[in-house]
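Here is how the chains run, residue by residue.
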Amino acid sequence: PADAELRGFRRPVLLLPGFMADERTLVVLRLFLETRGYEVQTWGFGRNVGFSSRSASALQQKIRYMHHRSGRKVSLVGWSLGGMFAMYGAHEAPECVRSVITLGSPVTFDPAGSQSPPLVKALYRLIAHPMGTAAHVPHLRAKNLRRPKVLPVPISCIYSLTDGVVPPQEATIDGDPALHENIRVPGSHLGLGFNPLVLWIVADRLAQPEARW
C-alpha cells in the first residue's frame with residue numbers, strides 16, 4: 001500500500017546528538033519517527049563531548065548490535081557533531097547501515113581549518129581537545145570521514161545558509177551523485193532538530209526503498 005512506503009514498520013534508526021548535547025535534545029525527532037513506526041534509539045553514551053576513540057568504538061558496537069538484534073540495516077541520523085559520528089559508523093560498519101542523514105554536521109574538513117565561529121572553536125578546544133577539531137584530522141579513524149565517495153550507503157546532508165555554527169561548505173559533501181546529496185533548508189543550527197521541514201525531509205529519506213534510493 002502507498003501508506004506502507006511512508007512508515008517504518010519497526011526499521012531501526014539510531015539518533016546521535018550534537019556537541020555538548022545529550023539524548024534529551026533528540027526527543028522531538030525521536031517521538032516524530034516513533035509515530036511513523038520506526039524502532040528509534042539514541043546512542044546512550046550521555047553528553048557528546050567530542051570525537052574520541054572510546055565513543056567511536058562504542059558507537060560501532062551499538063550499530064552492529066542493533067543490526068544483529070533487528071535483522072535489518074540501521075539508519076543513522078546525526079545532528080551537528082552527531083553527524084560526524086554517523087559518517088564514521090557508516091564507514092566502519094557499512095554492511096550494517098541502511099543510510100545516513102546529517103543535520104548541520106561538520107562532515108567536510110576545510111583545508112584552511114574550520115570556519116566555525118571563534119566561540120564554537122574555543123568551546124571545543126576547552127572541552128574536547130586543546131587543538132580543536134584539527135586534532136582529529138590525522139587520526140586514522142577520522143581520515144575515513146574525508147572519503148564520502150567510497151562510502152556505499154545513501155547520505156543526505158541537510159544544511160542551512162543561516163546555520164550560524166557550521167558553515168555550509170563544511171556541512172556538505174562532494175560524493176557520488178547517485179547516492180549522496182546536499183539539501184538546503186532555512187533555519188538555525190540549534191533549531192534543526194525541531195524544524196518541521198527538516199522532520200519531513202528526514203521521514204521522506206528514511207522511507208526510501210532500500211536499493212532504490
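Undergrad: Would you mind showing me how to read the packing of helix 2 (residues 53-70) against helix 3 (residues 81-92) here?
TA: The packing of two helices is summarised by the inter-axis angle and the distance between the axes. Contact geometry for helix 2 and helix 3: axes closest at 9 Å, N-to-C directions at 60°. With respect to helix 3, the axis of helix 2 lies oblique. Read as a crossing pair, helix 2 and helix 3 show a hand that is right-handed. Facing S55, A56, L59, Q60, I63 and R64 of helix 2, the residues of helix 3 in contact are F85, Y88, G89 and E92. For the contact of helix 2 with helix 3, the residue count by class is five nonpolar, three polar and two charged.

Undergrad: How should I be thinking about the pattern of salt bridges in this particular structure?
TA: Side-chain pairing between opposite charges can occur once the charged atoms of the two side chains come close. Scanning the model with the defined rule gives eight salt bridges in all. Note that R10 is salt-bridged to E39, the shortest N-O span being 2.6 Å. Here R10 is found in the segment before strand 1 (12-16), whereas its partner E39 is found in strand 2 (residues 39-42), with 29 residues between them in sequence. For D204, the salt bridge identified is with R205, shortest N-O distance 2.2 Å. Here the salt bridges share partners, and the residues they tie into one network are K73, R98 and E210.

Undergrad: Got a minute to help me understand the environment of G83 in this structure?
TA: Among the secondary structure elements, G83 is positioned in helix 3. Linking G83 and I101, residues 18 residues apart in sequence, is a C-alpha distance of 7.3 Å. With residues near it in sequence (within four places) discarded, G83 still touches G78, T102, S105 and V107.

Here is what the cut-offs are and how they apply
- Residues numbered from 1 in each chain as written.
- Predicted model: local features only at pLDDT ≥ 70, side-chain atom pairs only at ≥ 80, totals over all residues.
- Heavy atoms only, no water.
- Axes fitted to C-alpha atoms, helices over the stretch in contact; angles between N-to-C directions.
- Helix = DSSP H or I, 4+ residues; strand = E, 2+ residues; numbered from the N terminus.
- Parallel < 35°, antiparallel > 145°, perpendicular 65-115°, else oblique.
- Left-handed = near helix turned anticlockwise from the far one by under 90°.
- Contact = heavy atoms within 4.5 Å.
- Nonpolar A, V, L, I, M, F, W, Y, C, P; charged D, E, K, R; others polar.
- Salt bridge = Lys/Arg side-chain N within 4 Å of Asp/Glu carboxyl O.

None of this, on its own, says anything about what the molecule does.
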